[in-house]
Amino acid sequence: PMKPINVVVTGAAGQIAYSLLYQLAAGTVFGPDQPINLHLLDIPVMMKVLEGVVMELEDLALPLLREIVPTADPAVAFKDVAAAFLVGAMPRKEGMERKDLLAANVEIFKVQGEALDKYARKDVKILVVGNPANTNALICSHYAPSIPKQNFSAMTRLDQNRAQAALAARLNVQVDQVKKVIIWGNHSSTQYPDAAHATVTLQGSTKSVPAALNQDNWLQTTFVETIQKRGAAVIAARKMSSAMSAAKAAGDHMRDWWMGTKPGEYVSMAVFSDGSYGIPQNIVFSFPVTIEPHGQYKIVQGLPISEFARSKLTVTANELEEERAEAYKVLQKK
Ligand code: NAI
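Every value quoted in this text rests on a predicted model; they were computed, and no experiment measured them. (Residues numbered from 1 in each chain as written. Predicted model: local features only at pLDDT ≥ 70, side-chain atom pairs only at ≥ 80, totals over all residues. Heavy atoms only, no water.)

A. Quick look at the overall build of the chain. Per the secondary structure count, the chain includes eleven helices and 14 strands. Against the compact-globule benchmark of 20 Å for 334 residues, the chain has a radius of gyration of 19 Å, which places it among compact chains. Dimensions of the chain, computed from C-alpha atoms along their principal axes, come out at roughly 55 × 50 × 40 Å. Per-residue burial over the chain gives 51% buried out of 334 residues. For the chain, restricting intrachain contacts to residue pairs at least 6 apart in sequence, the fraction spanning at least 24 positions comes to 72%. For the chain, the exposed surface amounts to about 15,200 Å²; the carbon and sulfur share of it is 54%. Here the chain contributes 34 positive and 32 negative side-chain charges, whose respective centroids are spaced 2 Å apart. (Helix = DSSP H or I, 4+ residues; strand = E, 2+ residues; numbered from the N terminus. Rg over C-alpha atoms; globule rule 2.2 N^0.38 Å. Buried < 20%, exposed > 50% of the residue type's maximum accessible area, 1.4 Å probe, protein only. Contact = heavy atoms within 4.5 Å. Areas by Shrake-Rupley, 256 points an atom, 1.4 Å probe, with all protein chains shown as cover. Lys, Arg positive; Asp, Glu negative; His and termini not counted. Charge placed at Lys NZ, Arg CZ, Asp CG, Glu CD.)

Structure below.
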């Protein structure tokens, strides 16, 4: 039998965690043979709520779930973890500027980076979900110098799943017939959802999505805008941000990182730029990647980038450089 691994979820009393924890306990992320100990981190005022979450986790009666450790102490939460879902963050409040949001979150991800550095396994895989996710991942890594940069990532899988679903609807096919749609850049409204390299299987034969759509300019216009604004549309309808779909995407991201991507397919993950596609280094940028089982991710190389795509990549890279500059300004003031 396999030994249990420690997995931490921050923001454990929040709404994304509420959907994510079930997936972890049920074995859909780390596999049906991998027992887990769940470390649940939230802030002191949420400990009562977290007690309720613990009760429900117990009541799932799932055999893979071993120890449950609710805590407000990062030293306890990050102890010997093999995987970390950093979901908890300061939410944007009415009237709050992007800058204020960044400042509040820089502090949180500094503390958690330091705790990862001190207490986590050195091969820990870290997924940042809390916004601004890309820059939070950058800060977190900065404060965890003993953990390789390649172990840090931020989530754009929800955007990828949204894009895949939108293309499937447009093409009138089942969602799994669409593959290789890419999210480039920041998990923000500057992201570039790119279907230029996507494929669709229609009546048993596979062709490129642009060809299947007869090159209509929907892909450059409505499609891009719909995906960029999907999060806001969910908030407008639900009065709360995406949670069920965000949690499912977090599970997808970590499962593919842990178990590997399917042959001939790639997925989008925000990771440290190594300069691929001319993107500046040392920002956390979403790229298409492939992953060997239990291996490192590799950024897919050699995809042709059109002039239109290049202009979109530049905009989102510029935004990430600005966020990085803001974040370091905040840190220097301390
Ligand atoms: P929520 O507000 O329901 O839960 C957040 C939880 O984090 C709360 O329980 C809060 O007490 C906790 N928290 C705050 N500071 C913390 C700290 N320092 N340590 C530990 N826990 C802390 O929010 P929800 O809906 O679960 O969303 C969480 C984050 O995920 C938000 O930042 C949201 O913007 C982001 N998000 C990211 C997506 C992506 O695609 N990357 C998609 C959807 C949401």
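Moving on from the model shown.
B. Looking closely at the side chain of Asn-105. Looking at the element boundaries, Asn-105 is found in helix α4 (residues 98–119). Assessed through its relative accessible area of 0%, Asn-105 is described here as buried. There is a polar contact of 2.9 Å between the side chain of Asn-105 and the backbone nitrogen of Met-90. Residues in contact with Asn-105, not counting those within four places in the same chain, are Ala-89, Met-90, Asn-131, Pro-132 and Asn-136. (Polar contact = N/O pair within 3.5 Å; in protein donor to acceptor, adjacent residues only side chain to side chain.)

C. Layout of the environment of Ser-245. Relative to the elements of secondary structure, Ser-245 occurs in helix α10 (residues 244–259). Along the chain, Ser-245 and Val-53 lie 192 residues apart, while their C-alpha atoms are 19 Å from each other.

D. How the structure looks around helix α11 (residues 307–332). The end-to-end C-alpha distance of α11 is 38 Å, a good match for the 38 Å that 26 residues give at a rise of 1.5 Å each. Where α11 is concerned, the buried positions are Ala-309, Leu-313, Thr-316, Ala-317, Glu-319, Leu-320, Glu-323, Glu-326, Ala-327, Val-330 and Leu-331. Where α11 is buried, its residues touch α4, α5 (133–142), β8 (182–184), β9 (192–194) and β13 (284–291). (Expected span 1.5 Å × (residues − 1).)

E. Structural detail: the pattern of salt bridges. Going through the model one piece at a time under the given rule, you end up with nine salt bridges. Residues Arg-121 and Asp-123 are paired through a salt bridge, measuring 2.9 Å at the closest nitrogen-oxygen approach. Owing to a relative accessible area of 35%, Arg-121 belongs among the partly exposed residues under this scheme. Taking the relative accessible area as the measure of exposure, Asp-123 reaches 43% and is therefore partly exposed. (Salt bridge = Lys/Arg side-chain N within 4 Å of Asp/Glu carboxyl O.)

F. The arrangement of the layout of surface pockets in detail. Considering only enclosed or pocket space, the second largest pocket measures out at about 450 Å³ in volume. Taken together, 23 residues line the second largest pocket, and the ones lying closest to its centre are Arg-157, Gln-160, Gln-164, Lys-262 and Glu-265. Going through the elements one at a time, α6 (157–171), β7 (178–179) and α10 are the ones with two or more residues in the lining of the second largest pocket. Classifying every residue of the lining of the second largest pocket gives six nonpolar, six polar and eleven charged. (1 Å grid on protein atoms, 1.4 Å probe; cavity = no way out; pocket = protein on both sides within 12 Å on 5 of 7 lines; lining within 4 Å. Points joined across faces, edges and corners; volume = space filled by probe spheres on them. Nonpolar A, V, L, I, M, F, W, Y, C, P; charged D, E, K, R; others polar.)

G. Spatial organisation of the site of the ligand. Neighbouring residues of the ligand: 23 residues in total, closest Gln-15, Ile-16, Asp-42, Asn-131 and His-187. Within the contact set of the ligand, a nitrogen atom lies 3.4 Å away from a backbone nitrogen or oxygen of Gly-11. Contacts to the ligand include Val-129, whose backbone N or O atom sits 3.3 Å from a nitrogen atom. Starting from 860 Å² of accessible surface for the ligand in isolation, the protein chains cover 82%. Split into classes, the residues belonging to the shell around the ligand amount to twelve nonpolar, ten polar and one charged. (Near = heavy atom within 4 Å.)

H. Quick look at the sheet that holds β7. Here three strands make up an open sheet; going across it, the order is β7-β10-β11 and the pairing antiparallel. Of all strands in the sheet, those bounded by a partner on one side alone are β7 and β11 (205–208). Pairing of strand β10 (residues 199–202) with β11, which is carried by four bridges, proceeds in the antiparallel orientation. Residue pairing across strands places Val-200 opposite Lys-207, the latter belonging to β11. (Pairing = 2+ DSSP bridges.)

I. Quick peek at the packing of α6 against α10. In contact at an axis separation of 8 Å, α6 and α10 are set at 105 degrees when each is read in the N-to-C sense. One way to sum up the angle between α6 and α10 is to call them roughly perpendicular. Across the interface between the two elements, Arg-157, Leu-158 and Asn-161 from α6 touch Ser-245, Ala-246, Lys-248, Ala-249, Asp-252, His-253, Arg-255 and Asp-256 from α10. When the residues that make up the contact of α6 with α10 are grouped by side-chain class, the tally is three nonpolar, three polar and five charged. (Axes fitted to C-alpha atoms, helices over the stretch in contact; angles between N-to-C directions. Parallel < 35°, antiparallel > 145°, perpendicular 65-115°, else oblique.)

J. Broad picture of the packing of aromatic side chains. For the coordinates displayed, the defined rule picks out seven aromatic pairs. Their ring planes at 75 degrees and their centres at 5.1 Å tell us that Trp-184 and Tyr-277 sit as a pair that is edge-to-face. Here Trp-184, found in strand β8, pairs with Tyr-277, found in the loop between β12 (267–272) and β13; they are 93 residues apart in sequence, far enough to count as distant. Owing to a relative accessible area of 11%, Tyr-277 belongs among the buried residues under this scheme. Aromatic rings pair up to connect Trp-184, Tyr-277, Phe-285 and Phe-287 into one cluster. Taking NZ or CZ as reference, Lys-149 lies 5.4 Å from the ring centre of Phe-272, over its face. (Phe/Tyr/Trp six-rings, centres within 6.5 Å; stacked < 30°, edge-to-face > 60°. Lys NZ or Arg CZ within 6 Å of the ring centre and 35° of its normal.)

Purely spatial values, then, with no claim about function.
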